Amino acid sequence: MKVAILGEKKIVLAFKSLGVSVFGVDKEKDFNLAVTEIENSNYSILFVTENIVEKYKNKIEQFYKESLPAILIIPGTNNNQGIGKESLKKTIERALGADIGL
Amino acid sequence: MEKIKPTRIELIKLKIRLKTSQRGHKLLKEKRDGLMKKFMEIIKEAKVKRIEMEEKLSNSGKDFAIISSPFSPKEVEQFFLLPSMKAEVSMEEKNIMGVKIPVFSCQTYKIEPDEKSYSYFSFPIGMEKSIKEFENTFSLMLELANIEHSARLLSFEIEKTRRRVNALEYIIIPQIIQNIKLIRSKLDENERAEKIIRLIIKSQIA
């Protein structure tokens with residue numbers, strides 16, 4: 001099984017040399033293509049940059065419930081916006097009913 | 001509340017249902033507690049690792065952006081046209097209280113050990129360093145992906161289990177108890193009425 005990364009071309013290209021399948025997304029067309037590709041082949045881990053998560057929230061959130069691929073939000077080139085932390089917080093809230101600030 | 005027939009057979013059925021739901025409630029509660037315990041362990045780890053990963057990655061991301069800035073996007077793409085390493089992920093399933101959680105183990109290996117897929121001539125000097133940094137962060141990223149994913153899957157299951165526990169505790173069990181009470185009182189009432197009738201008949205005969 002393979003690892004994929006979804007993000008702006010500027011930053012994700014470096015991962016290509018690590019053997020990760022890179023999906024550079026600059027336009028919506030790229031994103032749709034990437035998503036269909038990811039859905040059709042068996043990727044087990046998917047890294048997504050924060051900007052992409054923010055832009056295509058609905059589509060990414062659909063992936064959350066699937067057991068595969070595992071999604072990890074990584075910071076992109078922009079300053080850390082805390083979207084990854086936000087998603088972690090949401091997970092805690094879902095499980096505990098409230099964020100008790102662990 | 002649906003209308004229930006005040007018969008003995010209904011009472012027996014309700015009693016059995018009460019017993020099963022109480023047992024189910026107890027089991028589900030235990031499941032919830034067990035899941036919660038696991039979840040807490042995982043989430044603590046995730047929080048620490050997340051901070052570490054974000055710091056590392058945004059640093060190396062910035063470096064990479066600076067180094068690649070003098071080149072056009074197409075050129076950068078060209079540098080990485082051929083991957084020099086391959087990442088292969090194998091997956092096992094772990095079962096935590098009935099929740100199937102994937103455990104990944106990842107291996108990266110060089111496709112051709114002695115060869116680099118870029119030449120030192122065209123490749124910017126800093127780029128290699130920046131790639132090394134990404135490489136170092138990569139295993140941490142994979143680990144975190146695994147942890148966060150497990151946490152997410154567990155949280156969905158905990159939510160579901162908690163709903164079930166609450167439904168049983170606050171709705172189904174009290175409802176059954178009330179129904180049992182209703183039938184009991186109805187049956188008792190019938191019995192008393194019958195007794196009185198018998199007494200009356202007896203006094204009339206005498």
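Quantities reported herein were computed from a predicted structural model and do not represent experimental measurements. Residue numbering note: each chain is counted from 1, following its sequence as written. Chains and ligands are labelled sequentially in the order written, the chains with letters from A and the ligands with numbers from 1. Residue-level local features of this predicted model are given only where pLDDT is at least 70; pairs of side-chain atoms are given and counted only at 80 or more, and the full residue set underlies all totals for whole chains, interfaces and linings. Note: side-chain values were computed over all heavy atoms of the structure, leaving out hydrogens and water.

**Quick notes on the pattern of salt bridges**
Once their charged atoms are close, side chains differing in charge can pair, the charge on each being opposite to the other. The working definition used for a salt bridge is a side-chain nitrogen of Lys or Arg within 4 Å of a carboxyl oxygen of Asp or Glu. Within the structure shown, the criterion is met by 11 salt bridges over all chains. The salt bridge partner of B:Glu54 is A:Lys85, with a shortest N-O separation of 3.3 Å. With one member in each of two chains, B:Glu54 in helix α1 (residues 8-68) and A:Lys85 in helix α5 (residues 83-96) form a pair that bridges those chains. The exposure class assigned to B:Glu54 is buried, which follows from its relative accessible area of 1%. We call a residue buried when its accessible area falls under 20% of the maximum for its residue type, exposed when it is over 50%, and partly exposed in between, using a 1.4 Å probe and counting protein chains only. Here A:Lys85 falls in the partly exposed class, since its relative accessible area comes to 39%. The helix and strand labels rest on DSSP assignments: H or I over at least four residues marks a helix, E over at least two residues marks a strand, and numbering proceeds from the N terminus.

**With respect to a positive patch on the surface**
Surface patches are drawn from residues lacking salt bridges whose relative accessible area is over 30%; two like charges belong together within 9 Å, two nonpolar side chains (Val, Leu, Ile, Met, Phe, Trp, Tyr) within 5 Å. Only the protein chains shown count as cover for residues, and all accessible areas are computed by the Shrake-Rupley method using a 1.4 Å probe. When charges are counted, Lys and Arg are positive and Asp and Glu negative, with His and the chain ends excluded. In this description, the location of a charge corresponds to atom NZ of lysine, CZ of arginine, CG of aspartate or CD of glutamate. A cluster of basic residues, A:Lys9, A:Lys27, A:Lys29 and B:Lys74, forms a positive patch at the surface. Mapping A:Lys9 onto the fold places it in helix α1 (residues 9-12). Look at A:Lys9 and you get partly exposed, because its relative accessible area is 32%.

**Here we look at α5(A)**
All names here are of chain A. Given the number of residues in a helix, its expected span is that number minus one, multiplied by 1.5 Å. Over its 14 residues, α5 runs 20 Å from end to end, which matches the ideal 20 Å to within 8%, given 1.5 Å per residue. All of the buried residues in α5 are Ile83, Gly84, Ser87, Leu88, Thr91, Ile92, Arg94 and Ala95. Gly97, located one to two residues past α5, shows a positive phi value of around 90°.

**What to know about the nonpolar core**
Put simply, a nonpolar core is a bunch of buried Ala, Val, Leu, Ile, Met, Phe, Trp, Tyr and Cys residues held in one set by side-chain atoms that sit within 4.5 Å of each other. A:Phe15, A:Phe47, B:Phe80 and B:Phe138 are the most contacted members of the largest nonpolar core, which totals 35 residues. Where this core is concerned, the elements lending two or more residues are β1 (2-7), α1, β3 (43-49) and β4 (70-74) of chain A together with α1, α2 (73-79), β1 (85-96) and α3 (125-205) of chain B. Among the elements that make up this core, the one with the highest residue count is α3(B) (9 residues). Contacts between residues were defined by any pair of non-hydrogen atoms, one from each residue, lying within 4.5 Å. With residues up to four places along the chain from it excluded, the contact list for A:Phe47 reads A:Val3, A:Ala4, A:Ile5, A:Leu6, A:Leu72, A:Ile74, B:Phe138, B:Met141, B:Leu142 and B:Ala145. Formed by 20 residues, the second largest nonpolar core is a distinct cluster that contains A:Val35, A:Val48, A:Tyr56 and A:Phe63.

**Details of the interface of chain B and chain A**
The interface of chain B with chain A comprises 49 residues on the first partner and 43 residues on the second. Approximately 4,300 Å² of surface area, both sides summed, lies buried where chain B meets chain A, with 71% of it carried by carbon and sulfur atoms. Put simply, chain B and chain A have 1 salt bridge between them. We define a polar contact as two N or O atoms separated by no more than 3.5 Å, with the added condition that, inside protein, one atom must be a possible hydrogen donor and the other a possible acceptor, whereas residues neighbouring each other in sequence contribute only through side-chain atom pairs. The tally of links between chain B and chain A comes to 4 residue pairs in polar contact (both at pLDDT 80 or more). Among the elements that take part in the side of chain B that touches chain A, α3(B) stands out by supplying 18 residues, more than any other. Buried area, as used here, totals the accessible surface that two parts lose on assembly, with accessibility defined by a 1.4 Å probe and the loss added over both.

**Thoughts on the environment of B:Val103**
Residues and elements named next belong to chain B. For Val103, the position within the fold is in strand β2 (residues 99-110). On the accessibility criterion, Val103 (32% relative accessible area) is partly exposed. Separated by 52 residues in sequence, Val103 and Ile51 place their C-alpha atoms 21 Å apart. The residues touching Val103, leaving out its near neighbours within four places in the chain, are Ser90, Met91, Glu92, Lys94 and Asn146.

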